[in-house]
Amino acid sequence: MEKYLVKGGVPLRGEVSVSGAKNAALAVLPAALMSGDVCTINNVPKVEDIHVLLQAIQHLGVKITYENDGHTVIMDCRKIEKVTVDYEHISKIRASYYLLGALLGAKNYSKVALPGGCNIGARPIDQHIKGFKALGAEIEIEHGMIEVKTDKLVGDTIYLDSPSVGATINIMMAACMAEGTTYIENPAKEPHIVDVANFLNSMGAKVKGAGTHIIKIQGVSKMHGSEYTIIPDMIEAGTYMVAAAITKGNVLVRNLIPKHMDAITAKLIEMGARVDVYGDSIRVSYEKDYSSIRVKTLPYPGFPTDMQPQFVALMALVNGVSVMTESIFESRFSYTSELGRMGADIKVEGNTAIINGVSNFTGAQVRATDLRAGAALVLAGLAGKGDTLISNIYNIDRGYECLEDKISALGGWIKRIDTEKKPELKVVS
Ligand code: UD1
């Protein structure tokens, strides 16, 4: 049972480089199945969610080789032997559902265990199902598995009730090889939607309008292999930006796309942090006391829900009353009681957290209730006084590559420890 031990009080200083976007990679790798060919994907982050997904893809019969220290994944999809992914292979990750859209598009059939992932709300998949049905698929949900099948997919116009990232990508993938044209209205506009569309197009698909309010997909009969590089992870980048702010340090976050960071940059500036934006990097540094702010999570280009816990940790150390409203997921505040153990004063009422700033956190034993909550606790530990011991860090491993190495390189004190490991006995002769 591994835990993080974090010793706080050191302002982070230096440079950190952002890895490839986990949420883009979780869709790009399944999308490669549609090539029926060999695809080379660069800048794949080495995180646990990707590891689980690649094991499931391998289980389908895809030959996978790695280059560039595991960051380049070469998938030979010429012989896909299976179109079913059972629970033991995929239960842990949310993005298992992308295998549904990709295999439905490529093989007209797929059966996948219903998705797991972070426990932050009900997370229905009705919009995915609505889209698949509109394209002509039949859906059956039984024994924890979802089966989608069709003789032929035919394009249609699909209006999403809410701009779901997963449903947009899934429908976009399935529609690539449908007959005729598909329109997705009210789609999600997140950067990784555009990334997946670009990758699909590099394989011969005809997707237009990704990142806008309507996506048009003209079906093609065949796709082909391609080489593609995944965009930087905006949430990892944002986490290090907040790490710099919360420890009152000075960090240059490198290898990011500044445009993707606009909402986060704007809120840090509003609080009083100094933010310098360059071509592909952003420096966050401490200049003066921060002021309290109000933040509301919204679909992109609004403030990302995946940055909500990290920002709340920061807001909890700012003088005055700050307010965070969560409008995407209904139970994304469970970690606030863990921050409370460190001294934070946060009251949650419905989808709003009212945050009364305190002067400091003190180290405590806390639990990472989900991925981004875990990141928030690491940040709180780095800013606070004394030792913080964080359990359930497998949640953090799901989405942050080399977190402890990157923080240590910035001068922060964080160690991964195995609390169940017995001390080694030394034989003294
Ligand atoms: C993705 C991200 C996740 C991020 C979220 C919102 C991945 C693997 N995960 O999750 O990190 O927090 O986007 O940016 O990329 N909804 C429905 N019906 C559906 C689908 C969604 O009602 O069929 C609702 C959800 O309950 C939620 C909202 O739509 O309230 C947004 O969810 P969605 O964008 O689909 O999130 P995910 O794709 O699961």
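Parameters at a glance
- Residues numbered from 1 in each chain as written.
- Predicted model: local features only at pLDDT ≥ 70, side-chain atom pairs only at ≥ 80, totals over all residues.
- Heavy atoms only, no water.
- Salt bridge = Lys/Arg side-chain N within 4 Å of Asp/Glu carboxyl O.
- Helix = DSSP H or I, 4+ residues; strand = E, 2+ residues; numbered from the N terminus.
- Buried < 20%, exposed > 50% of the residue type's maximum accessible area, 1.4 Å probe, protein only.
- Near = heavy atom within 4 Å.
- Polar contact = N/O pair within 3.5 Å; in protein donor to acceptor, adjacent residues only side chain to side chain.
- Nonpolar A, V, L, I, M, F, W, Y, C, P; charged D, E, K, R; others polar.
- Pairing = 2+ DSSP bridges.
- Axes fitted to C-alpha atoms, helices over the stretch in contact; angles between N-to-C directions.
- Contact = heavy atoms within 4.5 Å.
- Patch = residues over 30% accessible without salt bridge, like charges linked within 9 Å, V, L, I, M, F, W, Y side chains within 5 Å.
- Areas by Shrake-Rupley, 256 points an atom, 1.4 Å probe, with all protein chains shown as cover.
- Lys, Arg positive; Asp, Glu negative; His and termini not counted.
- Charge placed at Lys NZ, Arg CZ, Asp CG, Glu CD.
- Expected span 1.5 Å × (residues − 1).

J.: Looking at this structure, how should I read the pattern of salt bridges?
T.: It is possible for side chains of opposite charge to pair when their charged atoms get near one another. A complete count under the given rule lists 19 salt bridges for this structure. Ionic pairing is found between Arg416 and Glu2, a salt bridge with its closest N-O pair at 3.0 Å. Highlighted residues: Arg416 in strand S24 (residues 413–418) and Glu2 in strand S1 (residues 2–7), separated in sequence by 414 residues. Owing to a relative accessible area of 38%, Glu2 belongs among the partly exposed residues under this scheme. The partner of Glu15 in a salt bridge is Arg254, and the shortest N-O contact between them spans 3.8 Å. With a gap of 239 residues between them, Glu15 in strand S2 (residues 13–17) and Arg254 in strand S15 (residues 250–254) connect regions that are remote in the sequence. Assessed through its relative accessible area of 48%, Glu15 is described here as partly exposed.

J.: Explanation requested: the site of the ligand in the structure shown.
T.: Around the ligand, a shell composed of 21 residues is seen, among which Gln127, Ser164, Val165, Asp306 and Ile328 lie nearest. The backbone of Pro124 places a nitrogen or oxygen atom 3.3 Å from an oxygen atom of the ligand. Contact distances for the ligand include 3.4 Å between an oxygen atom and a side-chain N or O atom of Ser162. Taken together, the elements giving at least two residues each to the shell around the ligand come down to helix H1 (22–31), helix H5 (126–134) and helix H6 (165–175). For the shell around the ligand, the element with the highest residue contribution is H5, accounting for 3 residues. By residue class, the composition of the shell around the ligand is 7 nonpolar, 8 polar and 6 charged.

J.: Is there a simple way to explain the sheet that holds S24 in this structure?
T.: The pairing of strands in a sheet comes from backbone hydrogen bonds and takes either a parallel or an antiparallel form. Strands sit in the order S22-S23-S1-S24 across an open sheet of 4 strands; the sheet is mixed. Edge positions in the open sheet fall to strand S22 (365–367) and S24, since each of these has one partner strand only. Here the average twist between neighbouring strands, direction ignored, is 25 degrees. The pairing of S1 with S24 spans 6 bridges and is classified as antiparallel. Looking at S24, one finds that Glu2 is bridged to Asp418. Contacts from helix H12 (residues 371–383) reach S1, S22, strand S23 (387–391) and S24 within the one sheet, and its direction differs from that of S1 by about 35 degrees.

J.: Is there a simple way to explain helix H9 (residues 262–271) in this structure?
T.: An α-helical turn contains 3.6 residues, so a residue and the one three or four places further along point in the same direction. Every buried residue belonging to H9 is among Ala263, Ile264, Thr265, Lys267, Leu268 and Met271, and all of these are buried. Buried residues along H9 sit against helix H8 (234–246), strand S16 (274–277), strand S17 (281–285), strand S18 (294–296) and helix H10 (308–315).

J.: Looking at this structure, I do not really get a negative patch on the surface. What am I missing?
T.: A contiguous patch of negative charge, built from Glu138, Glu140, Glu142 and Asp151, is present on the exposed surface. Looking at the element boundaries, Asp151 is found in the loop between strand S9 (145–149) and strand S10 (157–159).

J.: How should the sheet that holds S18 be read in this particular structure?
T.: Taking strand neighbours across the sheet as the criterion, the 4 strands line up as S18-S19-S21-S20 in an open arrangement whose pairing is mixed. The open sheet has two edge strands with one neighbour each: S18 and strand S20 (345–349). In this sheet, adjacent strand axes meet at a mean angle of 15 degrees when their direction is disregarded. As paired elements, strand S19 (residues 321–325) and strand S21 (residues 352–356) share 5 bridges and run antiparallel to each other. By the bridge assignment, Met324 is partnered in S21 with Ala353.

J.: Just checking my understanding: could you explain H12 for this structure?
T.: Along its 13 residues, H12 runs 19 Å from first to last C-alpha, staying within 8% of the 18 Å computed at 1.5 Å per residue. Of all 13 residues in H12, 13 are buried, a share of seventy percent or more. For H12, the side-chain oxygen to backbone nitrogen distance between the N-cap and Arg372 is 3.2 Å, and the N-cap itself is Asp370.

J.: Would you mind showing me how to read unusual backbone geometry here?
T.: A negative phi holds for most residues other than glycine; trans holds for most peptide bonds. Here the amide bond leading from Tyr300 into Pro301 is cis, since omega sits at 10 degrees, within 30 degrees of zero. Here Pro301 lies in the loop between S18 and H10. A positive phi is found at Asn108, a non-glycine position, where the angle reads about 65 degrees. By secondary structure assignment, the location of Asn108 is in the loop between helix H4 (97–107) and strand S7 (109–113). Phi at Lys248 is positive, roughly 55 degrees, even though this residue is not glycine. Considering the arrangement of structural elements, one finds Lys248 in the loop between H8 and S15.

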